[in-house]
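# Fold and geometry: a report
Listed below are the residues making up each chain.
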Amino acid sequence: MQQSADLQRVQGMMVYLGSIANALEVLMGRGARAVCFRAGREVGLEHEVQRRTTDLFEALEDVREEMLRMGINWPFEPFKKRSEPDLVTQHDDYSEIRLAFRNCIVRCTLFRYGFPQEMSLCQTKHGLFCGLLQQIYGASSTLDVVHSGENACLLRLRCYHR
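In this text, all values refer to a predicted model and were calculated from it rather than measured experimentally. (Residues numbered from 1 in each chain as written. Predicted model: local features only at pLDDT ≥ 70, side-chain atom pairs only at ≥ 80, totals over all residues. Heavy atoms only, no water.)

### Re the pattern of salt bridges
All chains considered together, the criterion is met by 7 salt bridges. Notably, a salt bridge pairs Arg51 with Glu58, separated by 3.5 Å at the nearest N-O pair. Exposure remark for Arg51: the relative accessible area of 41% places this residue in the partly exposed category. One salt bridge connects Arg64 with Glu61, and the closest N-O pair in it is separated by 2.8 Å. Placement of the pair is Arg64 and Glu61 together in helix 3 (residues 56-69), with a separation of 3 residues, close to one helical turn. Connected through salt bridges with shared partners, the residues Arg51, Glu58 and Asp62 form a single ionic network. (Salt bridge = Lys/Arg side-chain N within 4 Å of Asp/Glu carboxyl O. Buried < 20%, exposed > 50% of the residue type's maximum accessible area, 1.4 Å probe, protein only. Helix = DSSP H or I, 4+ residues; strand = E, 2+ residues; numbered from the N terminus.)

Following this line, the structure appears as structure tokens:
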């Protein structure tokens, strides 16, 4: 019974944060997404990470572990279509990998409250992810939504060459 009450309190707090994020979006307009991404990135850059690596897949696992250490369970996995030869696509200035994010408390909160996805609250968590990755992997990155849905979001991670 206590776990259910705790879950309700957490969900209530997330709905509150969702409403604040929506108000920020309305008040600040287009700049809210950039401000929130930057704020999330700063938190990720200031967090003390346990290790660093030059391997992208190890770095992604380390980001997952760091987020768990922070109390954030945001499971994700690399994604590619069967017809695609590789998980990572190389470009002139960056490498790109798509990630499927399934159990996302932000997405669940937005659906419960009726807010659209891909706005400032999503950008805050994307910034956090990129800040942690930058510390661990050593390259700046961006995380953009390819598809947002009820069951999962497909995001594109771009890691810029050092």
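Next comes the rest of the account.
### Quick look at the packing of aromatic side chains
Under the definition given, this model contains 6 aromatic pairs. Relative to Phe101, the ring of Trp74 lies with its centre 4.2 Å away and its plane at 35°, an arrangement referred to as tilted. Linking Trp74 in the loop between helix 3 and strand 1 (76-79) with Phe101 in strand 3 (residues 94-101), this pair joins segments that are 27 residues apart in sequence. A single burial state applies to Trp74 and to Phe101, both of which are buried. Residue class for Phe101 comes out buried when judged on its relative accessible area of 1%. The aromatic ring of Phe76 is capped on one face by Arg64, whose charged end is 4.4 Å from the ring centroid. (Phe/Tyr/Trp six-rings, centres within 6.5 Å; stacked < 30°, edge-to-face > 60°. Lys NZ or Arg CZ within 6 Å of the ring centre and 35° of its normal.)

Honestly, that's just the spatial picture; any functional story needs more than this.
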